[in-house]
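One letter stands for each residue in the lines below.
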Amino acid sequence: MIGLVVAAVKRAIFAISLLAVFVLFVGPVAILVVTSIRPASGVYYIWRGTNFTFSNFIDVVHQSQVMQAMWNSFVLSTLATIFSLGITVGSGYMLSRFGGWIQRSWFATIYIFRTVPYISWVLPLYLVNTRLGIYDTMLGLLLPHIAVHVCFFSWLMKGFFDGINPSMEYAALIDGCTRWGAFRRVALPAALPGIAALSILCWLATWNEFLFALILSGQRTPLITSTMAQFVTETGTEWNLMSATAVLAMLPALLVTIFGQKHVIRGLRM
Amino acid sequence: MAEVVLRDVVKKYGTVPVVHEVNLDIADGEFMVLVGPSGCGKSTTLRMIAGLETITSGTISIGEKVVNELPPKDRDIAMVFQNYALYQHMTVFDNLAFGLRNRKVPDAEIKAEVARATRMLGLDPLLSRKPFQLSGGQQQRVALGRCIVRRPQLFLFDEPLSNLDAKLRAQMRIELKALRERVPTTSVYVTHDQVEAMTLGDRVVVMKDGWIQQVGTPLEIYNRPATRFVAGFIGAPAMNFIDVELADEQGQLRARAKDFDIGVAPQQADCLRKHGAKGVTMGVRPEHIHLGAAPDGKGSSFSGQVKVTEQLGSELVVGLDAAESTIMASRIAPETDIALHAPAEMWIEQRALHFFDRKNEAAIR
């Protein structure tokens, strides 16, 4: 009898937790999507009324600033992924396979940068960027992103290479490869699932990044995350337009996640 | 094929030496086995021959050519690893062909060489599979194939059978032996398994703590161990060691411990007298100890309480509490009726005694 009660309580707790998680994660997205298809007058009462419209999306798509920001974010994310991964793969491999003072110093460097709070970088970076004349340029946005990704993803990349038995590379060395050849032809292909996973995570991280976008970009290189915030004006917040932009901004990330999920899971299980 | 010569080879990690002045001559076509417990330096020695570890001092030559500074790819060697080290993203065929492609061998020749190896190892049905689709035994066969196709002058094996289960290991051991006949190439084989060392090696090198303890044919190592370590390491069940005091009695040398007294054969007695020490360690293999009383002139008896019995089906192993230790006797008829804790008598063959110095553990002979 007591056993039955305990089982019922356990089931109830499980169901409530599940519901809580569902509400926490799905709730905001649902509200966002509903808001995006409501007229401006209906955004504060999204559960009432039956006025639905796609005019928000049409409106937003016709704002050149938003479309420009989408394109900029896409280009920035792609470039940041390519360059950071290029460096991260080498860096992770070095951390995993080699000893010595260069490796230790590099490890210490990225470790220190990992421990510095992200937000404390942003203001100095703003000053550096204006001084170098790269404020509000693609380069000025790209470099900080690469720096952050290299520090963060080198650790994960090291983990991937640690999981690959080095004797495969030794076999390649004996089979006629140079050290570089063993890396390129044996270690790198073996790490591909991991690299694919990191590419997706890296792309999403740049696409969703807000702080750099806010401080380091301006009129010339608007990014989608900071552009979204500009619907907050002196006369009020255009929630409907902001939501429509947010839903549009979610789409590429959603596509990348849906199609890349398999690789991410396989990579992270390495 | 080629001979391999190691001269005063030393390996240190920082200031810690892991291999001490190894001198070794491996003849052309010889199958040399390096055996020893973990951390004895056998794998490091092999990796230095392969060029995967640098040499701190000394020289290594393969085929009369000093290879100290030569990268692995230019040493004309092939190596089998404990975990097979197959290229996971390539098919079996590509794994086999990888080394030849690196050497720009024409495609037709690659196909012929791969076909030769696959025929030898029965890999034909597996050529288009990836390594993760193969069993452990199949993977190790592919690793062997990868060596064969290259026709190198030296094969290196780094504990190739350690990851296989006992049954498969025994089977692969036989296959390796058969393969040796068909592809006679100088080989260095590292293992911690004494059975592999004894069955595969033309000669065996026993190592401990970075030092070579003994080099010899399997029978030499077994019958005339140079140190107490070698004597204890090779052979199962392990050799019995008893600390004895030597005493001359009416012209005959006797080795004595508590409740234990055995006569030493005249020739061996001379060596022991020459050596001079009174307290030595006596070693005797379990198969040289028998149940019952000693026949005249063949050995000496002792008695004690039965402490352990191990029924193996083909033989019975009995441990007797005597001379302040447990003395193991093997090859006793399995049907023998022996009760635990009961008193029993055994005898030791006089001709089968080994004696070791207690300080430096070297054999006295």
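None of the values given here were measured: they were computed from a predicted structure.

1. Focus on the overall build of chain B
Okay, so step 1: Within chain B one finds 9 helices and 20 strands.
Okay, so step 2: Judged by the C-alpha coordinates and their principal axes, chain B covers about 80 × 45 × 35 Å.
Okay, so step 3: Buried residues in chain B amount to 39% of all 365 residues.
Okay, so step 4: Here the contacts in chain B between residues at least 6 apart in sequence split such that 65% fall between residues at least 24 apart.

2. Re the overall build of chain A
Okay, so step 1: The helix and strand inventory of chain A stands at 11 helices and 2 strands.
Okay, so step 2: The order of helices and strands in chain A, counted from the N terminus, is α-α-α-α-α-α-α-α-α-α-β-β-α.
Okay, so step 3: Dimensions along the principal axes, computed over C-alpha positions, put chain A at roughly 75 × 75 × 30 Å.
Okay, so step 4: Within chain A, buried positions represent 36% of all 270 residues.

3. Things to note about the sheet that holds strand 13 (residues 260-263) of chain B
All names here are of chain B.
Okay, so step 1: The 5 strands lie next to each other as 13-12-11-14-20, forming an open sheet whose pairing is antiparallel. Only two strands of the sheet have a single neighbouring strand rather than two, namely strand 13 and strand 20 (354-357). Averaged over all adjacent pairs, the angle separating strand axes in this sheet is 40°, with direction ignored.

4. Remarks on the nonpolar core
Okay, so step 1: Within the largest apolar cluster, 153 residues are counted, with the highest numbers of intra-cluster contacts made by B:Val33, B:Met79, B:Leu156, B:Val188 and B:Val206.
Okay, so step 2: At 13 residues, the largest contribution of residues to this core is made by helix 8 (residues 179-208) of chain A.

5. So, the interface of chain B and chain A
The accessible area lost on association of the parts is a frequent measure of interface size.
Okay, so step 1: Contact with chain B, which involves 17 residues of that partner, is made by 13 residues of chain A.
Okay, so step 2: Elements with a contribution of two residues or more to the side of chain B that touches chain A: strand 6 (77-80) and helix 2 (92-102) of chain B.
Okay, so step 3: Split by residue class, the side of chain B that touches chain A holds 10 nonpolar, 5 polar and 2 charged.

6. Thoughts on the domain arrangement of chain A
Residue and element names in this part refer to chain A.
Okay, so step 1: Partitioning chain A into structural domains gives domain 1 (2-36) and domain 2 (60-268).
Okay, so step 2: The straight-line distance from the C-alpha centre of domain 1 to that of domain 2 is 33 Å.
Okay, so step 3: Listed as interface residues are 4 residues of domain 1 and, on the opposing side, 6 residues of domain 2.
Okay, so step 4: For the side of domain 1 that touches domain 2, the per-class residue count stands at 2 nonpolar, 2 polar and no charged.

7. Re the environment of B:Gly304
All names here are of chain B.
Okay, so step 1: Here Gly304 shows up in strand 16 (residues 299-311).
Okay, so step 2: A tally of 19 C-beta atoms within 10 Å means that Gly304 is categorised as partly exposed.
Okay, so step 3: If we ignore the near neighbours within four places in the chain, the residues touching Gly304 are Leu320, Asp321, Ala322 and Ala344.

8. Considering the confidence of the model for chain B
Okay, so step 1: Considering every residue of chain B, the mean pLDDT works out to 92; 100% of them sit at 70 or more.
Okay, so step 2: The ipTM value of the predicted complex is 0.86, and its pTM value is 0.84.

9. Quick word on the packing of helix 2 of chain B against helix 3 (residues 107-121) of chain B
Residue and element names in this part refer to chain B.
Okay, so step 1: Where helix 2 contacts helix 3, the axes come no closer than 10 Å and their chain directions differ by 130°. Classified by the angle between their axes, helix 2 and helix 3 sit oblique to one another. Two packed elements cross with a definite hand, and for helix 2 against helix 3 that hand is right-handed. Here Phe93, Leu96, Ala97, Leu100 and Arg101 of helix 2 lie close against helix 3, whose contacting residues are Ile110, Glu113, Val114 and Ala117.
Okay, so step 2: Its residues placed into classes, the contact of helix 2 with helix 3 shows 7 nonpolar, no polar and 2 charged.

Reading guide: rules and limits
Residues numbered from 1 in each chain as written. Chains lettered and ligands numbered in written order. Predicted model: local features only at pLDDT ≥ 70, side-chain atom pairs only at ≥ 80, totals over all residues. Helix = DSSP H or I, 4+ residues; strand = E, 2+ residues; numbered from the N terminus. Buried ≥ 20, exposed ≤ 12 C-beta atoms within 10 Å, placed from the backbone. Contact = placed C-beta atoms within 7 Å. Pairing = 2+ DSSP bridges. Axes fitted to C-alpha atoms, helices over the stretch in contact; angles between N-to-C directions. Core = buried A, V, L, I, M, F, W, Y, C linked by C-beta atoms within 7 Å. Nonpolar A, V, L, I, M, F, W, Y, C, P; charged D, E, K, R; others polar. Domains from an automatic or database assignment. pLDDT = per-residue confidence, 0-100. Parallel < 35°, antiparallel > 145°, perpendicular 65-115°, else oblique. Left-handed = near helix turned anticlockwise from the far one by under 90°.

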